Amino acid sequence: QAPIFDALAKPSLNVRRWALLAVTSLVNGYVSAVAQHVEHLLSMLSSECEFKPELVRIVQLGPFKHQVDDGVEHRKFGVQCLAVLCNKLPDVVPVSKVLSSLVPLFSDSSTDVVLAAHSLAIKLISSAPSVAMQFCDAMVAQIEKVFKIEIKETASKSDMEAYTEKRRSSVAVVCTLHNNSQLGAIPSVVSIFMRVQEQKDLKGMVDQYASTMQIS
């Protein structure tokens, strides 16, 4: 087992963060060096992709308290590494294990993490629908959490943009599931697609997604 993989198990956040970046570069450039370690690497990446409440802290900014999640970058880098693995070793990496790590991130607090998880999931849904079928109900449940979030009219511009991006990306996943011949008829998928069609802003995002797909 390579020492670089051992670094992913170190308690130091900084060490693990650099190890994630190093492993991603290694997979990208020397995939043969990690092929025999895929199972172990997936286990380590699954841990890095998990939300860890112990990494959330409260910071006092003047009279206001601000919540900081020190695990965001780890989750984002974990997903990025999974994406590279899936791209470089599509016949070796078990899709089910990757989706198991991705689905809980569909409702993550970080927009970057959500978008990264959605992007990879969409590719896997399209390439391995028979495997994705096992996760449809779980995917829909996580997406519903995003759709239920309400944002105040007084929200900042950045918060509003993040809110919109999460919804738009979630709609893309719903459309991908709905448009797949093996998955579109699954009850949970049918149900959420119907609800999306009934909600004005989400319906607009569906139309935008359809236009984008036609252009591409």
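As shown above, the structure is provided for reference.
Residues numbered from 1 in each chain as written. Predicted model: local features only at pLDDT ≥ 70, side-chain atom pairs only at ≥ 80, totals over all residues. Heavy atoms only, no water.

**What about the overall build of the protein chain?**
- Scanning the protein chain for helices and strands turns up eleven helices and two strands.
- When the helices and strands of the protein chain are listed from N to C terminus, the series reads α-α-α-β-β-α-α-α-α-α-α-α-α.
- Relative to the compact-globule value of 17 Å for 216 residues, the protein chain shows a C-alpha radius of gyration of 18 Å, a close match.
- The 216 residues of the protein chain split such that 42% are buried.
- Counting contacts in the protein chain only where the partners sit at least 6 residues apart, residues at least 24 apart contribute 66% of the total.
- A total accessible area of about 11,700 Å² is found for the protein chain, and carbon and sulfur atoms account for 55% of it. (Helix = DSSP H or I, 4+ residues; strand = E, 2+ residues; numbered from the N terminus. Rg over C-alpha atoms; globule rule 2.2 N^0.38 Å. Buried < 20%, exposed > 50% of the residue type's maximum accessible area, 1.4 Å probe, protein only. Contact = heavy atoms within 4.5 Å. Areas by Shrake-Rupley, 256 points an atom, 1.4 Å probe, with all protein chains shown as cover.)

**Here we look at the pairing of strand 2 (residues 64-69)**
- Sheet topology places strand 1 (residues 56-61) next to strand 2; six bridges connect them, and they run antiparallel. Looking at the pairing, Gln60 lines up with Lys65 of strand 2.
- The hairpin turn running from strand 1 into strand 2, its antiparallel successor, is two residues long, and Gly62 in that turn takes a positive phi close to 65°. (Pairing = 2+ DSSP bridges.)

**As for the nonpolar core**
- Core analysis: the largest hydrophobic core is formed by 60 residues, its most contacted members being Val98 and Leu102.
- Broken down by element, the residue count for this core peaks at seven residues, all from helix 4 (residues 72-88).
- Once residues within four sequence positions are removed from consideration, Leu102 is found in contact with Val79, Leu82, Ala117, Leu120, Ala121 and Leu124. (Core = buried A, V, L, I, M, F, W, Y, C linked by side-chain atoms within 4.5 Å.)

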